Amino acid sequence: MLITRPKVAELTFQLYGRPLHPELFQIYRSRRVERGKYDAKIDITSGGHVVTWRSGHLTLTEVAAAAQNPLPKARRLLSHRLKGEHHDLHRCRCASYQMGFQLETAEPDIFWAFQQDLLLDAQRSGLLYRFDGGGRMAMGAISYIQVETRDRSLLVQAFHTFPEDLAIVKTQSLFELVDSACDC
């Protein structure tokens, strides 16, 4: 299990059609959501986040984590190295999952201003964790997750900063029930 935040170049973005054991991750903050016919658990982890979304017998688990994090291959539906920009869609039974991520590097002044903006936004809502700067930097990395719920959908927007690389990872995921007659 990772104790510190990995380098941004080591990250992957994955989707599983099953729950993953929480002991696979160092979890710093969590939030549970129950709405309509689904529930979800959102975790901030050392490498990014884990979102476990359930509706009936269907479970989808999204993971942003280090590639060397020992995750199973069984029922892995999507896997992408977290670099550049990417969008994907996965449909299953009564639900659809849409995701997009973007990795940006910034000039130091823009990077630090973005981190300050995240801290201000987090005072109003969302899930926030500030990592220790480790003595080398006054301010460490930040993970901020904003969640929007509807009766049939969950939108998760996540921002993860990596000060050593002056990098920002932005992700957006939509978990959605697509057939009202279907009970997953």
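Heads up: the structure comes first, above all this text.
Residues numbered from 1 in each chain as written. Predicted model: local features only at pLDDT ≥ 70, side-chain atom pairs only at ≥ 80, totals over all residues. Heavy atoms only, no water.

Turning our eyes to something else, we now look at the overall build of the protein. Along the backbone of the protein there are one helix and twelve strands. Listing each helix as α and each strand as β along the protein from the N terminus yields β-β-β-β-β-β-β-β-α-β-β-β-β. At 16 Å, the protein has a C-alpha radius of gyration in line with the 16 Å of a compact globule built from 184 residues. Here the C-alpha coordinates of the protein stretch approximately 55 × 35 × 30 Å along the principal axes. (Helix = DSSP H or I, 4+ residues; strand = E, 2+ residues; numbered from the N terminus. Rg over C-alpha atoms; globule rule 2.2 N^0.38 Å.)

Inspection of every chain in the model, using the stated rule, returns ten aromatic pairs. With 6.3 Å between their ring centres and 20° between their planes, Tyr144 and Phe159 make a pair best called stacked. Of this pair, Tyr144 sits in strand β10 (residues 142–149) while Phe159 sits in strand β11 (residues 153–162), placing them 15 residues apart in sequence. The class for Tyr144 is buried, based on a relative accessible area of 4%. Taken together, the ring pairs in this structure connect Tyr38, Trp53, Tyr97 and Phe175 into an aromatic cluster. Sitting over the face of the ring of Phe162, Arg5 holds its NZ or CZ atom 4.5 Å from the ring centroid. (Phe/Tyr/Trp six-rings, centres within 6.5 Å; stacked < 30°, edge-to-face > 60°. Buried < 20%, exposed > 50% of the residue type's maximum accessible area, 1.4 Å probe, protein only. Lys NZ or Arg CZ within 6 Å of the ring centre and 35° of its normal.)

This next bit is on the pairing of strand β3 (residues 38–45). Most of β3 sits inside the fold, with seven of its eight residues counted as buried. Summarising the sheet, strand β2 (residues 27–35) and β3 pair through eight bridges and their orientation is antiparallel. Across the sheet, Glu34 pairs through a bridge with Asp39, a residue of β3. Counting the residues between successive antiparallel strands, the hairpin from β2 to β3 contains two residues, one of them, Gly36, with a positive phi of roughly 50°. For β3 and strand β4 (residues 49–55), the ladder comprises six bridges, and the chain directions are antiparallel. Paired with Ile44 across the strands is His49, a residue of β4. What sits between the antiparallel neighbours β3 and β4 is a turn of three residues. (Pairing = 2+ DSSP bridges.)

Our next topic: the sheet that holds β2. The pairing of strands in a sheet happens through backbone hydrogen bonds and is either parallel or antiparallel. Pairing is antiparallel in the open sheet, where six strands are placed in the order β2-β3-β4-β5-β1-β6. Looking at which strands have only one partner, the edges of the open sheet turn out to be β2 and β6 (76–81). On average, adjacent strands in this sheet sit at an angle of 10° to one another, irrespective of strand direction. (Axes fitted to C-alpha atoms, helices over the stretch in contact; angles between N-to-C directions.)

Moving on: the environment of Gln98. Within the secondary structure layout, Gln98 lies in strand β8 (residues 95–105). Taking the C-alpha atoms as reference points, Gln98 and His87, separated by eleven residues in sequence, lie 7.6 Å from one another.

On to the side chain of His80. As for its placement among the helices and strands, His80 is situated in strand β6. Here His86 takes part through its side chain, which lies 3.3 Å from a polar atom of the side chain of His80. When residues no more than four places from it in sequence are discounted, the contact partners of His80 are Thr12, Phe13, His86, Asp88, Met99 and Phe101. (Polar contact = N/O pair within 3.5 Å; in protein donor to acceptor, adjacent residues only side chain to side chain. Contact = heavy atoms within 4.5 Å.)

It is worth spelling out the environment of Leu155 at this point. Among the secondary structure elements, Leu155 is positioned in strand β11. Given the relative accessible area of 18%, Leu155 is considered buried. C-alpha of Leu155 to C-alpha of Glu176: the two residues are 21 residues apart in sequence and 8.6 Å apart in space. Beyond its immediate sequence surroundings of up to four residues, Leu155 is in contact with Gln146, Val147, Glu148, Gln172, Ser173 and Leu174.

Right, let's get into the nonpolar core. Ile42, Trp53, Leu60, Tyr97, Ile145, Leu154 and Phe175 are the most contacted members of the largest nonpolar core, which totals 35 residues. Excluding its chain neighbours within four sequence positions, the residues that come into contact with Ile145 are Ile42, Asp43, Ile44, His49, Gly126, Leu127, Val156, Gln157 and Ala158. Grouped together as the second largest cluster of nonpolar side chains are eleven residues, Phe111, Ile142, Tyr144 and Phe159 included. (Core = buried A, V, L, I, M, F, W, Y, C linked by side-chain atoms within 4.5 Å.)

By themselves, these figures tell us nothing about what the structure is for.
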